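Take a look at the letters that make up each chain.
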Amino acid sequence: MKQMWSSMVSALEEKKATGIVVLDVRGICSFSDYIIICTGMSDRQIKAMAEHVIATFGKPFGSEGIETGRWVLLDYIDVVIHIFQEEVRQYYDLESMWSQAKKVLG
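Rules used throughout
- Residues numbered from 1 in each chain as written.
- Predicted model: local features only at pLDDT ≥ 70, side-chain atom pairs only at ≥ 80, totals over all residues.
- Heavy atoms only, no water.
- Helix = DSSP H or I, 4+ residues; strand = E, 2+ residues; numbered from the N terminus.
- Contact = heavy atoms within 4.5 Å.

### Considering the environment of Val 88
And then number 1: Its location among the elements puts Val 88 in helix 3 (residues 86–92).
And then number 2: Taking C-alpha positions, Val 88 is 22 Å from Gln 100, a pair spaced twelve residues apart along the chain.
And then number 3: Ignoring sequence-local partners within four residues, the contact set of Val 88 consists of Arg 70 and Trp 71.

Structure below.
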């Protein structure tokens, strides 16, 4: 499974994602094994990151927010990706919500 999240991180880095954090939520989360959290500078960049991940890995099981570009969620079952604008990321503070998770990157 590490290879999948690692490849997804590489795809996000190709579109200049910043502040990338990968959390291992196995054992504390019932819906995923890894959560990737990253930041984009604008709605246009966030949309481009999401579209690049989808083009690279295929259609996710679920997605939200691509149209608005402030917070995009891509659900690939084993890996869930959250792409935020900085102020939205700070507001929701998912890293604190998942503080029991092992941080494997970031």
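So, next bit.
### Concerning unusual backbone geometry
And then number 1: Of note, the phi angle at Lys 16 is positive, near 70 degrees, even though the residue is not glycine.
And then number 2: Examined against the element boundaries, Lys 16 turns out to sit in the loop between helix 1 (2–14) and strand 1 (18–24).
And then number 3: Of note in the backbone geometry, Asp 93 takes a positive phi value of approximately 45 degrees without being a glycine.
And then number 4: Positionally, Asp 93 belongs in the loop between helix 3 and helix 4 (94–97).

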